[in-house]
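# Understanding the architecture of this molecule
So you can see what is in the structure, the chains are spelled out below.
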Amino acid sequence: MRPELINPLALAYLGDGVFEVYVREYLLVEKEITKPDLLQKEAIQFVSAKAQAEFMKESINNQWISDEEIRIYKRGRNAKNTRVMKNTSVITHNQSSGFEALIGHLYLMHDDERILEIFELYKDFVMKKI
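The structure reproduced in this document is the subject of the present report. Owing to the predicted nature of the structure, the values given are computational and were not obtained by experimental measurement.

Calculation criteria
Residues numbered from 1 in each chain as written. Predicted model: local features only at pLDDT ≥ 70, side-chain atom pairs only at ≥ 80, totals over all residues. Heavy atoms only, no water. Core = buried A, V, L, I, M, F, W, Y, C linked by side-chain atoms within 4.5 Å. Buried < 20%, exposed > 50% of the residue type's maximum accessible area, 1.4 Å probe, protein only. Helix = DSSP H or I, 4+ residues; strand = E, 2+ residues; numbered from the N terminus. Contact = heavy atoms within 4.5 Å. Axes fitted to C-alpha atoms, helices over the stretch in contact; angles between N-to-C directions. Parallel < 35°, antiparallel > 145°, perpendicular 65-115°, else oblique. Left-handed = near helix turned anticlockwise from the far one by under 90°. Nonpolar A, V, L, I, M, F, W, Y, C, P; charged D, E, K, R; others polar.

Generally speaking, a soluble globular protein has its nonpolar side chains buried in company with each other. Formed by 27 residues in total, the largest nonpolar core has its most connected members in Leu27, Phe99 and Tyr122. Every element with two or more residues in this core is listed here: α1 (8-30), α2 (36-46), α3 (49-61), α4 (67-77), α5 (90-108) and α6 (112-129). Those residues in contact with Tyr122 that sit more than four places away from it in its chain are Phe19, Phe46, Val47, Ser48, Ala51, Gln52, Phe55 and Phe99.

What follows covers the packing of α4 against α5. At a minimum axis separation of 7 Å, α4 and α5 run at an interaxial angle of 125°. Judged by the inter-axis angle, α4 sits oblique to α5. As for the relative orientation of α4 and α5, their crossing is right-handed in sense. Along the contact surface, α4 presents Glu69, Ile72, Tyr73, Gly76 and Arg77, while α5 presents Asn94, Gln95, Ser97, Gly98, Phe99, Ala101, Leu102, His105 and Leu106. A breakdown of the residues in the contact of α4 with α5 according to their chemical character gives six nonpolar, six polar and two charged.

Below you can see the structure in the form of structure tokens.
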């Protein structure tokens, strides 16, 4: 599998699902939240396009991600998207798609360790914002 040959929006689609699993596991195992309504409420803070976009800006500014990861992010961010956004700006949505494309790419490369590293950075970033 060569992720660089896959449509970046397809990578984002995959990355969205992969990241959702990391979030759900964190909420269930680490935070020990088991009530479905509370799980959903907490998950929203982690999977928002705004949080993902802000995290990517912070990651680039603080060099938390490599040049290669920035290239993958930009490929996802710059992909042509024909969807109409309801609750977020197109720019924020595109930045979020770039983040998700990066996660999808790493997943296809079987780099679970790096996904976990990024998730830990992301988790800390989001927790500071709450």
